[in-house]
Amino acid sequence: MRIAMVGTGYVGLVSGACFADFGHEVVCVDKDHNKIAALLRGEMPIFEPGLDELVARNARERRLSFSTELAPAVRDAEVVFVAVGTPARRGDGHSDLTFVFEAAREIAAAVSHGTVLVTKSTVPVGTGDEIESIVRNARPNVQIAIVSNPEFLREGAAIADFKRPDRIVIGTDDKHARAVMTEVYRPLYLNAPPLLFTGRRTAELIKYAANAFLATKITFINEIADLCEAIGADVQEVARGIGLDNRIGGKFLHAGPGFGGSCFPKDTVALIRTAQEADAPINIVETVISVNDARKKALASRVIDACGGSVEGKIVAVLGLTFKPNTDDMREAPSLVLVPALQQAGAVVRAHDPQGMEQAKPLLSGVRFCDSPYDATDGADALVIVTEWDAYRALDLDRIHKTMKSPTVVDLRNIYRPEEMAAKGFSYSSIGRPPVRP
Ligand SMILES: NC(=O)c1ccc[n+]([C@@H]2O[C@H](COP(=O)([O-])OP(=O)(O)OC[C@H]3O[C@@H](n4cnc5c(N)ncnc54)[C@H](O)[C@@H]3O)[C@@H](O)[C@H]2O)c1
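Just so it is clear, the structure is predicted and the values come from calculations on it, not from any experiment.

*Asks:* Mind showing me how you'd approach empty space enclosed by the protein here?
*Replies:* Rolled over the atoms, a probe with the dimensions of a water molecule shows which regions are left empty. Applying the stated criterion to the full structure yields one cavity of 30 Å³ or more. Looking at the largest cavity, the residues that line it are Thr119, Ser121, Thr122, Val123, Ser148, Pro150, Ala203, Glu204 and Lys207. With three residues, the single largest contributor to the lining of the largest cavity is helix H9 (residues 200–231). When its residues are assigned to classes, the lining of the largest cavity shows three nonpolar, four polar and two charged.

Structure, rendered in structure tokens:
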């Protein structure tokens with residue numbers, strides 16, 4: 001099938017490359033000329049494991065191309081996906097649909113009769129109806145089905161998630177669109193992911209409900225972790241003890257610094273705005289957001305406590321800046337709250353991240369960005385692990401112990417065992433487990 005992907009960000013690029021890999025003919029369009037120029041040179045605008053190879057292969061085999069010209073790509077396509085950004089609107093937290101509606105107007109001007117227009121961006125309930133009226137008003141005589149097909153991929157595991165999804169949600173009542181969408185995803189039939197056909201509004205809500213549920217699960221275990229610290233229990237064991245119950249499941253039960261990223265923070269806020277407007281408030285999600293915000297703000301005090309009550313003039317080495325490993329995405333990362341708070345408290349911050357430093361530099365001022373974790377920890381008073389990159393899971397702790405000024409570690413991801421850290425001579429505190437001393 002001929003597919004146009006409008007918006008070539010994390011979702012558009014990964015989806016476009018995977019659709020091409022299924023055998024479809026895909027044009028990825030973006031209005032960002034620099035991004036398209038880089039892709040045409042074979043350079044990836046984002047870090048995502050395996051993406052460079054996937055893009056290169058499909059571009060070479062001429063199933064995947066890139067363009068800044070929306071009209072020709074859309075005119076020739078049987079299916080047009082919209083994967084533009086839907087950031088939180090400043091001030092009220094509603095989803096900012098400027099990019100979506102702008103794309104819808106441009107698509108409406110170029111689209112051909114019978115094309116299926118699919119929203120992959122995360123959009124509030126009712127957005128499909130608004131897109132439909134934009135297209136109908138612009139082109140009253142062409143038949144275009146407007147479908148919702150929310151995306152559930154995770155950054156860092158995006159290709160595997162796209163190719164082996166737990167489910168594919170398709171919101172439409174249109175028979176032709178249903179057949180076309182079945183054909184789009186047909187190459188996945190061997191993996192047999194359930195294709196869940198729903199109404200369009202239901203599909204739009206499923207995406208928000210899924211993200212809000214996962215954000216709630218994380219926040220739940222984070223609060224249990226705080227309780228563990230207060231009463232001397234171990235959150236890792238609690239998580240395992242409850243996660244082995246199939247009704248609960250072990251995923252998203254890792255206590256940590258609070259959720260961030262490009263989706264959970266904005267999608268939870270957008271959901272509560274939708275719910276408030278519909279006079280059906282979702283109190284649990286409102287609480288999740290405020291608990292998570294407070295958690296991020298309190299991160300610095302964990303480090304200050306571990307440093308004996310003050311970080312004034314002390315060197316703090318921060319390992320990991322991105323909101324999670326295997327991405328260079330810094331959106332809403334806990335480090336963006338922690339680092340300025342440490343600086344405010346008088347600390348000198350050094351930082352290292354395997355992929356995120358270029359993205360982090362404009363967002364964090366006064367930080368010394370280091371070439372390696374060892375460069376960051378040399379002479380430091382404290383080491384804080386903020387993101388659980390694999391590269392930090394097997395650090396040379398003896399070397400770090402020798403070169404740190406004071407061997408204090410705050411592990412916000414629980415990647416080390418307290419007893420081993422104590423045996424290596426560190427003062428070690430983590431999340432939801434008793435702190436240890438050498
Ligand atoms: N990032 C994720 O992990 C993820 C996962 C699931 C769903 N989503 C959702 O998918 C959507 C896209 O997210 P993203 O992270 O890929 O965003 P992104 O910001 O990385 O990419 C969006 C791209 O759209 C382009 N764009 C905007 N308007 C355009 C137009 N009129 N024509 C052509 N290009 C245009 C921008 O230049 C940008 O490159 C959002 O709604 C997001 O909530 C994201």
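*Asks:* What am I meant to see in the pairing of strand E8 (residues 195–198) here?
*Replies:* Side-chain direction in a regular strand flips from residue to residue, so the side chains alternate between the two faces of the sheet. In this structure, strand E7 (residues 168–171) lies alongside E8, joined through four bridges in parallel fashion. Bridged to isoleucine 168 within E8 is leucine 195. As a crossover connection, the stretch from E7 through helix H8 (residues 175–185) into E8 is right-handed.

*Asks:* Hey, could you run me through the site of the ligand in this one?
*Replies:* In the neighbourhood of the ligand, 28 residues make up the surrounding shell, with Asp30, Lys35, Thr86, Glu155 and Lys266 lying closest. Within the side chain of glutamate 106, an N or O atom sits 3.4 Å from a nitrogen atom of the ligand. The fraction of the free accessible surface of the ligand (840 Å²) that becomes covered by protein chains is 90%. Sorting the residues of the shell around the ligand by element identifies helix H1 (10–21) and helix H5 (98–110) as the ones contributing at least two each. Sorting elements by how many residues they give to the shell around the ligand places H5 first, with four residues. Looking at side-chain class alone, the shell around the ligand contains nine nonpolar, eight polar and eleven charged residues.

*Asks:* Sorry, what's going on with the packing of aromatic side chains here?
*Replies:* Each aromatic ring pair is characterised by the separation of its centres together with the angle its planes make. For the coordinates displayed, the defined rule picks out seven aromatic pairs. Judged by centre distance (5.9 Å) and plane angle (80°), the ring pair of phenylalanine 19 and phenylalanine 22 falls under edge-to-face. A relative accessible area of 0% means that phenylalanine 19 is categorised as buried. Relative to phenylalanine 162, the ring of phenylalanine 19 lies with its centre 5.1 Å away and its plane at 85°, an arrangement referred to as edge-to-face. Residue phenylalanine 19 is found in helix H1, and its partner phenylalanine 162 is found in helix H7 (residues 158–163); the two are separated by 143 residues along the sequence. Here phenylalanine 162 falls in the buried class, since its relative accessible area comes to 3%. Members of the aromatic cluster, joined through ring pairs, are Phe19, Phe22, Phe81, Phe162 and Tyr185. Its guanidinium or amino end placed over the ring of phenylalanine 152, arginine 167 lies 3.6 Å from that ring's centre, counting from NZ or CZ. The ring centre of phenylalanine 197 lies 4.2 Å from the NZ or CZ of arginine 178, which sits over that ring.

*Asks:* Please explain the packing of helix H12 (residues 283–297) against helix H13 (residues 299–306) as it appears in this structure.
*Replies:* In helix packing, the relevant descriptors are the interaxial angle and the interaxial distance, both defined with respect to the helix axes. Where H12 contacts H13, the two axes come as close as 4 Å, and the packing angle between them is 35°. Each of Arg295, Lys296 and Lys297 in H12 lies in contact with H13, whose residues at this interface are Leu299, Ala300 and Arg302. Looking at side-chain class alone, the contact of H12 with H13 contains two nonpolar, no polar and four charged residues.

The rules behind these values
- Residues numbered from 1 in each chain as written.
- Predicted model: local features only at pLDDT ≥ 70, side-chain atom pairs only at ≥ 80, totals over all residues.
- Heavy atoms only, no water.
- 1 Å grid on protein atoms, 1.4 Å probe; cavity = no way out; pocket = protein on both sides within 12 Å on 5 of 7 lines; lining within 4 Å.
- Points joined across faces, edges and corners; volume = space filled by probe spheres on them.
- Helix = DSSP H or I, 4+ residues; strand = E, 2+ residues; numbered from the N terminus.
- Nonpolar A, V, L, I, M, F, W, Y, C, P; charged D, E, K, R; others polar.
- Pairing = 2+ DSSP bridges.
- Right-handed = clockwise from strand over helix to strand, strands pointing away.
- Near = heavy atom within 4 Å.
- Polar contact = N/O pair within 3.5 Å; in protein donor to acceptor, adjacent residues only side chain to side chain.
- Areas by Shrake-Rupley, 256 points an atom, 1.4 Å probe, with all protein chains shown as cover.
- Phe/Tyr/Trp six-rings, centres within 6.5 Å; stacked < 30°, edge-to-face > 60°.
- Buried < 20%, exposed > 50% of the residue type's maximum accessible area, 1.4 Å probe, protein only.
- Lys NZ or Arg CZ within 6 Å of the ring centre and 35° of its normal.
- Axes fitted to C-alpha atoms, helices over the stretch in contact; angles between N-to-C directions.
- Contact = heavy atoms within 4.5 Å.

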